[in-house]
Amino acid sequence: MAEFGCLYSEVLLTRNAWEKRKLGEVATITMGQSPDSKNYTLNPQDHILVQGNADIKNGWVEPRVWTTQITKIAKKGSVLLSVRAPVGEVSKTAFDVVLGRGVASVGQTDFLYQYLITLKINGFWLRYSTGSTFDSINSADIKDAIIFLPKKNEQDRIAKTLNCIDSLIAATQHKIDALEQTKKALLQRLFDQSWRFKGYSDPWEKRKFKDLVVRVNKTSDDSTIPSVEFEDIISKQGRLNKDVRLKINSKQGIYFEPQDVLFGKLRPYLQNWLFPSFYGRAVGDFWVLRANSSVLSEYLFVLIQSPRFQIVANISSGTKMPRSDWNTVSNTSFPIPVQSEQRKIWQLFNVLDNLIAATQSRLSSLELLKKALLQALFI
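These numbers were taken from a predicted model, which means no experiment stands behind them.

Caption draft 1: Local environment of the environment of Gln342. If you trace the backbone, Gln342 turns up in helix α8 (residues 339–378). A relative accessible area of 0% places Gln342 in the buried class. In sequence terms Gln342 and Tyr299 are 43 residues apart; their C-alpha atoms lie 5.4 Å from each other. Contact partners of Gln342, with chain neighbours within four places excluded, come to Ser294, Val295, Leu296, Tyr299, Ile336 and Pro337.

And the structure:
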């Protein structure tokens, strides 16, 4: 629990003593002004340009475009607010940046940063946003926004606690990113056979995909068994969202059994897959794949995540709603080791997926904690 020590810092909920102020009275507001597009560059030696959400990642400016023309500036440490669709997104900058017209800078204090996040969560800016093509807010909307301020020392204590949670969230997200990169690297090295388990050296046999699986097509609208849809699956992790309740409904879907493999073939769902332990119906554009005796179901589940399979599955048919082409995939050959090595491969990735899932669960808990504190402090 040592890493959570900062969460025990005292935060006094003295809301009744907080002072009602206009945002423009307590923060310097700078509205963005886009440079001429002819001055945009990809040269990191030029000035970083922030145009909107495309230049933000995980709440921080991530340089993407530069400019030789300076219009409006936000200094390092400034709080940035998106003023055009999407309205109200909040971020910080670790650099001096040029502000495009999609953003404004709103002071530099961590307290205001956290306060603005709460306003976004509660849809505060939606009451001001205008525009038939896309939502936007103007300088007056921001300056006249009513907020409540505690004394300076309490602002600092609140910001310190919330910043601590942000640091834990960022560190946890970094762990997830690192684990996913590790998984990606291991998939590459295992399936190009540049890395093997000790005791295995024989070449892998190449088999066409259609010789490894049966593509199940039996449909069912039996409302007594649960259905699975794309949104029920945690993309890349191959497991159900912990919040989902398997639906009992009359939608028709492809019947699947435990140990079948579900693969979402509709873009952008090519990374939706599931290895179920129950009977159900796959509703939507899924392939339901049943391994034959030459391949373990567990290995099949890992195989569909391999770089080679993903490349082939992305050779789509259809224009409005592109889908993986079964004829292409089924006639493509994939490497198949002996079953004992298949099992080791599955065990490795099962451990890794469980670790990713556990870390993701921890991240979700921290995000819920942060949201609850924001609601308690600022509402």
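Caption draft 2: Region of interest: the sheet that holds strand β16 (residues 219–220). A sheet is described by the order of its strands in space; here 4 strands give the open sequence β16-β20-β23-β17, paired in mixed fashion. Looking at strand neighbours, the two that pair on one side only are β16 and β17 (227–228), the edges of this open sheet. Relative to strand β20 (residues 253–256), β16 runs antiparallel, the two sharing 2 bridges. Considered in β20, the bridge of Thr219 is made with Ile254.

Caption draft 3: Structural detail: the nonpolar core. In this structure, Phe209, Tyr299 and Leu303 are the most contacted members of the largest nonpolar core, which totals 35 residues. Counting only elements with at least two residues in this core, the list comes to α4 (152–191), β21 (261–264), β24 (286–291), α5 (297–303), α6 (307–313), β27 (333–336) and α8. The contacts of Phe209, once residues within four sequence positions are left out, are Leu289, Leu300, Leu303, Phe309, Trp326, Val329, Ser330, Thr332 and Phe334. Core analysis: the second largest hydrophobic core is formed by 31 residues, Ile29, Val87, Phe124 and Trp125 among them.

Caption draft 4: View of the pairing of strand β13 (residues 146–149). Because side chains alternate across β13, one face comprises the buried residues Ile147 and Leu149, and the other comprises Ile146 and Phe148, none of which is buried. For strand β1 (residues 19–22) and β13, the ladder comprises 4 bridges, and the chain directions are antiparallel. When the sheet's bridge partners are listed, Lys22 is paired in β13 with Ile146.

Rules used in this analysis
Residues numbered from 1 in each chain as written. Predicted model: local features only at pLDDT ≥ 70, side-chain atom pairs only at ≥ 80, totals over all residues. Heavy atoms only, no water. Helix = DSSP H or I, 4+ residues; strand = E, 2+ residues; numbered from the N terminus. Buried < 20%, exposed > 50% of the residue type's maximum accessible area, 1.4 Å probe, protein only. Contact = heavy atoms within 4.5 Å. Pairing = 2+ DSSP bridges. Core = buried A, V, L, I, M, F, W, Y, C linked by side-chain atoms within 4.5 Å.

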